[in-house]
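Architecture at a glance
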Amino acid sequence: MHPKRVVLVAASASGSSADEAALQQLRAALQPLEFAQAFSNEQTMAFARQLWAGRDKAPYFLKVRSRPALDACSSGGGAASAAAASVWAELLQQNWRVQLDAGLGSAAPESEALLLVCTPEAVQQLMAAAGAAPSGGSGSSSELAVSLLEVDGTQAGAPLDWQQLSKRLTLDGVAPSAGDAIAAALSQAGVAA
């Protein structure tokens with residue numbers, strides 16, 4: 001199982017409250033990454049597509065996909081907690097690009113970067129479900145914030161349960177205006193060129 005670097009972007013439910021400058025700062029900070037997959041809830045899909053623009057090209061044909069479980073993460077209560085656990089079970093217990101890379105004849109990556117765009121409430125549920133302790137970052141109160149969760153991979157014969165994987169919150173709710181901090185954290189995590 002490849003190590004995962006999950007970039008979580010907390011965006012407002014309307015998806016349109018982020019100004020153009022913040023969107024461009026975030027796009028610039030994330031530009032060096034080659035995401036294996038991208039997911040969003042319906043509430044933030046419009047913003048996620050703006051953030052993803054330019055990445056959905058040949059030969060990969062990747063796009064932002066909606067996940068009902070991400071919508072349920074925003075609802076609160078026990079249902080939100082269960083939904084967050086199901087999101088992590090899906091994302092962390094498989095390698096996302098194996099067939100794609102094999103079909104293109106390219107080498108399989110040693111790690112994968114995944115993008116999740118959802119409401120701040122959903123991000124909080126996901127972090128709680130992952131048991132990711134705050135890193136002591138700025139914890140920006142901005143409607144648009146970026147977090148980075150690093151998850152170790154497994155070797156043959158190792159347990160595949162996502163709850164047993166080591167998880168580190170490297171970036172905690174940083175505003176897009178801190179583009180250098182985002183780029184540095186991604187580079188240190190090994191997901192930026």
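Structure report, in brief. For clarity, every value in this text was computed on a predicted model and none was experimentally measured. (Residues numbered from 1 in each chain as written. Predicted model: local features only at pLDDT ≥ 70, side-chain atom pairs only at ≥ 80, totals over all residues. Heavy atoms only, no water.)

1. Quick word on the packing of aromatic side chains
Considering all chains together, one arrives at one aromatic pair under this definition. Arranged with centres 6.1 Å apart and planes meeting at 40°, the rings of Phe35 and Trp52 form a pair that is tilted. Of this pair, Phe35 sits in strand E2 (residues 35-40) while Trp52 is found in helix H2 (residues 45-52), placing the two residues 17 residues apart along the sequence. Its relative accessible area of 3% is what places Phe35 among the buried residues. Stacked on the ring of Trp52, the Lys or Arg Arg55 has its end atom at 5.7 Å from the ring centre. (Phe/Tyr/Trp six-rings, centres within 6.5 Å; stacked < 30°, edge-to-face > 60°. Helix = DSSP H or I, 4+ residues; strand = E, 2+ residues; numbered from the N terminus. Buried < 20%, exposed > 50% of the residue type's maximum accessible area, 1.4 Å probe, protein only. Lys NZ or Arg CZ within 6 Å of the ring centre and 35° of its normal.)

2. Looking at the packing of helix H4 (residues 77-92) against helix H6 (residues 120-130)
Taken N-terminus to C-terminus, the directions of H4 and H6 make an angle of 70°; their axes are 8 Å apart at the nearest point. Judged by the inter-axis angle, H4 sits roughly perpendicular to H6. Across from Ala80, Ser81, Ala84, Ala85, Val87 and Trp88 in H4, the residues of H6 making contact are Gln125, Leu126, Ala129 and Ala130. Partitioning the contact of H4 with H6 into residue classes produces eight nonpolar, two polar and no charged. (Axes fitted to C-alpha atoms, helices over the stretch in contact; angles between N-to-C directions. Parallel < 35°, antiparallel > 145°, perpendicular 65-115°, else oblique. Contact = heavy atoms within 4.5 Å. Nonpolar A, V, L, I, M, F, W, Y, C, P; charged D, E, K, R; others polar.)

3. Here we look at the sheet that holds strand E1 (residues 4-10)
Taken in spatial order, the six strands make up an open sheet running E3-E2-E4-E1-E5-E6, and their pairing is mixed. Of all strands in the sheet, those with a lone pairing partner are strand E3 (64-66) and strand E6 (167-174), marking the two edges. The sheet shows a mean angle of 20° between the axes of neighbouring strands, direction not considered. Pairing of E1 with strand E5 (residues 145-151) involves seven bridges; the strand directions are antiparallel. By the bridge assignment for E5, Val9 is matched with Val146. On the sheet, H4 packs against E1, E2, strand E4 (112-118) and E5 and is oriented at approximately 140° with respect to E1. (Pairing = 2+ DSSP bridges.)

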